[in-house]
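Commentary on secondary and tertiary structure
Listed below are the residues making up each chain.
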Amino acid sequence: MTTFNPSRLKEIRVIREFTLEQVAAGLGVTKQMVSKYETGLSMPQREALVKMAMFFSAPLAFFYKPSIDFSYSCSALFFRTTSNTSGKEVASARISNQWSFEITEAIDSLWGLPKADIPTFETGINVINKANLLRDHWGLGVSPIDNLTELLEAHGIFVTTVSSSALKTDGYSQIVNGIPVIVINRDRGSAVRQRFSLAHELGHLVLHRNLSETEYKLHEKEYESEADLFANSFLLPKLGFDPMVHAAELEHFVYLKKVWKVSIAAMIYHCIQNRILPVKGIEYMRNNKLYRLYGRKVEPLDDIIPLEQPSLLSKSLTRHVFDQDSFDRFYSIASLPLDSLELLAGLKPGCWADYYGNGDDWVNVAYSSSQPYYGQMTLFELEV
C-alpha cells in the first residue's frame, strides 16, 4: 500500500489509550478531522503524517502498512470479559494479538519458525481426555511440565506479553491466519498463575478454535469453564499427580506446588473434584491454614518460583538482527511501533535504538525506550 491506511491510526490510538481529543490536540487539528482520518473520509498530507509519527513514536511506514489479510484459518478472540470490561480493552487485546501475528509473520517470511502442532480430536471426546491426548501427542507422559512457555513455543504456539495493571484479564488468545498466539499480562500475578493462564488459553485453542465470535460470546461462561478444566487436567494429569497426594497438610501441598508448579488452590480444586482426599480435611487445611496464614491472594512459593519468559521470537530476532542492514531488512517488513514490537517479542527495551532512526522510512522519528510515545509536542524542522 502506497497510501495512508486509516485502520493503522485507529490501532495505534487504541493501543496508546488516547482519545480522539488528545490526538487532535497533538496533531493540531480538530477531533472531527482525526475521526475522518480514522474512517478514511480524509487523507492526511505528508506534514500531518510526520506529526502522527512523532506523536505516537511510530515509523512512517506503519501508517502505510496494509491491514492483515484474513484469508486463512482464524478463530474467535478468546478474551474473558467481566461486567466492567470495556470495549477498549477488547479492542486493544485484538490489536495486540494481530500485531503479534505480524511479528511472527515477518520473522517466518525471512528465517522460518516452527509450525503449529495442535491436533484435531474426534467429536465426542470429553475435555479431560482431550487434555490427556494432547499430552500423549506431545510426548509428555504424566510427568510435571517444567517450562510450559517453552513447550508451547516448541509446538508453534507463540507466546507474547503485555504489561497492563489496568487490563482486567490474565491473558487472551487467537488463531490468526493459522498462527496461534497467546498474550499474557505480566501484571497479573505469580508464575503459577501465569502458567495456568497459558494452559487455559491452550485449552481454547484446542477446544474452541472452530467457534465463531458470536458462538463464543453466546456461551462464554461455558467455554471459559471448559478451558479451566482443560488447564487443570493438562497441568495435573490424574495418573501422574493423584498418586503423589498423600495428606491434607499444607506442607505437603507446598511440596506438590514446587514439583508441579501449579497453585495450591488449583490442586485443592483438583483433589475435591476427583475425591482424592476427604473433602472436610482439604477444606480445613485451606480455610484454617492456607487462608489464615497467607490470605486468599498469596500462596507459599509465589515469590520463589520464577516467571517463565517467552524466548522463541526474541532468540530468533537476536540471532538474525545484528547490524543496520539486517535491522532494515526485518523492520521494513514488520513496520510496527518499536516499543510495542520490543514488548510483544520479549526484547530488551532499546536494544535496537542505534539502528532505529537510520532507515529511509523512519528517519523522521526519534526513539527513546524510556518514553514509548511522546504525547503532545511541537513539530520541529525535519528533512522530509
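You'll find the structure just up there.
Let me begin by describing the structure that accompanies this report. As the structure is a prediction and not an experimental result, all values here were calculated from the model. (Residues numbered from 1 in each chain as written. Predicted model: local features only at pLDDT ≥ 70, side-chain atom pairs only at ≥ 80, totals over all residues. Heavy atoms only, no water.)

Observations concerning the side chain of His204
Worth spelling out the cut-off: By definition, any uninterrupted DSSP run of H or I lasting at least four residues is a helix, any uninterrupted run of E lasting at least two residues is a strand, and each is numbered from the N terminus. Residue contacts are defined here by distance: any two heavy atoms, one from each residue, within 4.5 Å place the two residues in contact.
Take His204: it is sitting in helix H9 (residues 191-207). Look past the residues within four positions of His204 in its chain and what remains in contact with it is Phe78, Ser173, Arg209, Tyr216, Tyr223, Glu224 and Ala227.

Quick look at the nonpolar core
Stated formally: Buried Ala, Val, Leu, Ile, Met, Phe, Trp, Tyr and Cys residues form a nonpolar core when they are joined through side-chain atoms within 4.5 Å. The classification of residues rests on relative accessible area computed with a 1.4 Å probe and restricted to protein chains. Under 20% of the type maximum is buried, over 50% is exposed, and intermediate values are partly exposed.
In this structure, Phe56, Phe63, Leu317, Phe330, Leu341 and Trp352 are the most contacted members of the largest nonpolar core, which totals 62 residues. Element by element, the count of residues in this core is highest for helix H6 (residues 87-111), at nine residues. Within the second largest apolar cluster, 49 residues are counted, among which are Ala199, Phe230, Ala231 and Leu236.

Quick word on helix H7 (residues 127-137)
As a reminder of what qualifies: The arc in question is the one spanned by the directions pointing from the helix axis to the C-beta atoms. What qualifies as a polar contact is a pair of N or O atoms within 3.5 Å, subject to a donor-acceptor requirement within protein and to the restriction that residues adjacent in sequence count only when both atoms come from side chains.
Listing the buried residues of H7 in full gives Val127, Lys130, Ala131, Leu134 and Arg135. For H7, the arc enclosing every buried residue in end-on projection is 145°, short of the 170-degree limit, so these residues lie on one face. Looking at the packing, one finds that the buried side of H7 touches H9 and helix H11 (220-235). The backbone nitrogen of Ile128 has a side-chain oxygen 3.3 Å away, supplied by the residue at the start of H7, namely Asn126. Where H7 terminates, the next one or two residues include Gly139, which has phi positive at roughly 70°.

Things to note about the packing of aromatic side chains
Put simply, the test is: Any pair of Phe, Tyr and Trp rings, taking the six-membered ring for Trp, is counted once the centres come within 6.5 Å. Such a pair is stacked with planes under 30 degrees apart, edge-to-face with planes over 60 apart, and tilted for the rest. In this analysis the charged atom, NZ for Lys or CZ for Arg, is taken to sit over a ring once it is within 6 Å of the ring centre and within 35 degrees of the ring normal.
One pass over the structure, following the stated rule, counts 18 aromatic pairs. The interplanar angle of 70° and the centroid separation of 6.5 Å between the aromatic rings of Phe4 and Tyr37 together place this pair among those described as edge-to-face. With Phe4 in the segment before helix H1 (6-16) and Tyr37 in helix H3 (residues 31-39), the pair connects residues that are 33 residues apart, well separated along the chain. Pair check on accessibility: Phe4 and Tyr37 agree, each one buried. When the centroid spacing of 5.3 Å and the interplanar angle of 85° are considered together, the rings of Phe78 and Tyr216 count as edge-to-face. Of this pair, Phe78 sits in the loop between helix H5 (60-64) and H6 while Tyr216 sits in helix H10 (residues 213-218), placing them 138 residues apart in sequence. In this structure, Phe78 and Tyr216 share a single accessibility class: buried. Taken together through their ring pairs, the aromatic side chains of Trp111, Phe327, Phe330, Tyr331, Trp352, Tyr355 and Tyr356 make up a single cluster. Note that Arg135 overlies the ring of Phe234, its terminal NZ or CZ placed 5.5 Å from the centroid.

Focus on the sheet that holds strand E2 (residues 171-176)
Formally: Whether two strands pair comes down to DSSP finding at least two bridges between them. Interaxial angle, 0 to 180 degrees, is taken between N-to-C directions of lines fitted to C-alpha atoms, where a helix line uses only the stretch in contact.
Across the sheet, three strands lie side by side as E1-E3-E2; this open sheet has mixed pairing. Taken across any chain shown, the strands that pair with only one partner, and hence form the sheet edges, are strand E1 (158-162) and E2. Shown here is a sheet whose adjacent strand axes are inclined to one another by a mean of 25°, direction ignored. Relative to strand E3 (residues 179-185), E2 runs antiparallel, the two being bridged by six bridges. Note on E3: the bridge partner recorded for Ile175 is Pro180. Packing of H9 onto the sheet brings it into contact with E1, E2 and E3, and relative to E3 it is tilted by some 150°.

Let's talk about H3
If you check which residues of H3 are buried, you get Val34, Tyr37 and Glu38. Angularly, the buried residues of H3 cover 95° about the axis, an arc narrow enough to put them on a single face. Exposed residues lying more than 90 degrees from the buried face of H3 are Gln32 and Thr39. Buried residues along H3 sit against H1, helix H2 (20-27) and helix H4 (46-56). Looking one or two places after H3, you find Gly40, whose phi comes out positive at around 80°.

Focus: the side chain of Arg209
The condition that has to hold: Charge assignment: positive for Lys and Arg, negative for Asp and Glu; neither His nor the chain ends contribute. By salt bridge we mean one thing: a side-chain nitrogen of Lys or Arg within 4 Å of a carboxyl oxygen of Asp or Glu.
Residue position: Arg209 is located in the loop between H9 and H10. Although Arg209 is buried, it makes no salt bridge; Asp117 carries the closest opposite charge, 8.5 Å away. Within the local environment of Arg209, its side chain forms a polar contact with the side chain of Thr120, the two groups lying 2.9 Å apart. Dropping the residues within four chain positions of it, Arg209 is found in contact with Cys74, Ser75, Phe78, Ile118, Pro119, Thr120, Ile175 and His204.

Describing the environment of Leu49
Looking at the secondary structure, you find Leu49 in helix H4. Classification of Leu49 by relative accessible area gives buried; the value is 3%. Distance from Leu49 to Phe63, taken between C-alpha atoms, is 7.8 Å for residues 14 residues apart in sequence. Setting aside residues no more than four positions away along its own chain, Leu49 makes contact with Phe4, Pro44, Leu60, Phe63 and Tyr64.

Considering the environment of Trp99
Within the secondary structure layout, Trp99 lies in helix H6. Separated by 237 residues in sequence, Trp99 and Leu336 place their C-alpha atoms 7.7 Å apart. When near neighbours in sequence (up to four residues on either side) are disregarded, Trp99 contacts Arg8, Glu11, Ile12, Ile15, Phe62, Leu336, Pro337, Ser340 and Leu344.

Description of the pairing of E3
Counting buried residues in E3 gives seven out of seven residues, a clear majority hidden from the surface. Burial of the side chains of E3 extends over both faces: Ile179, Val181, Val183 and Asn185 are buried on one face and Pro180, Ile182 and Ile184 on the other. In terms of strand pairing, E1 meets E3 through five bridges, oriented parallel. Directly across from Thr161, in E3, lies its bridge partner Ile184. The hairpin turn running from E2 into E3, its antiparallel successor, is two residues long, and Asn177 in that turn takes a positive phi close to 50°.

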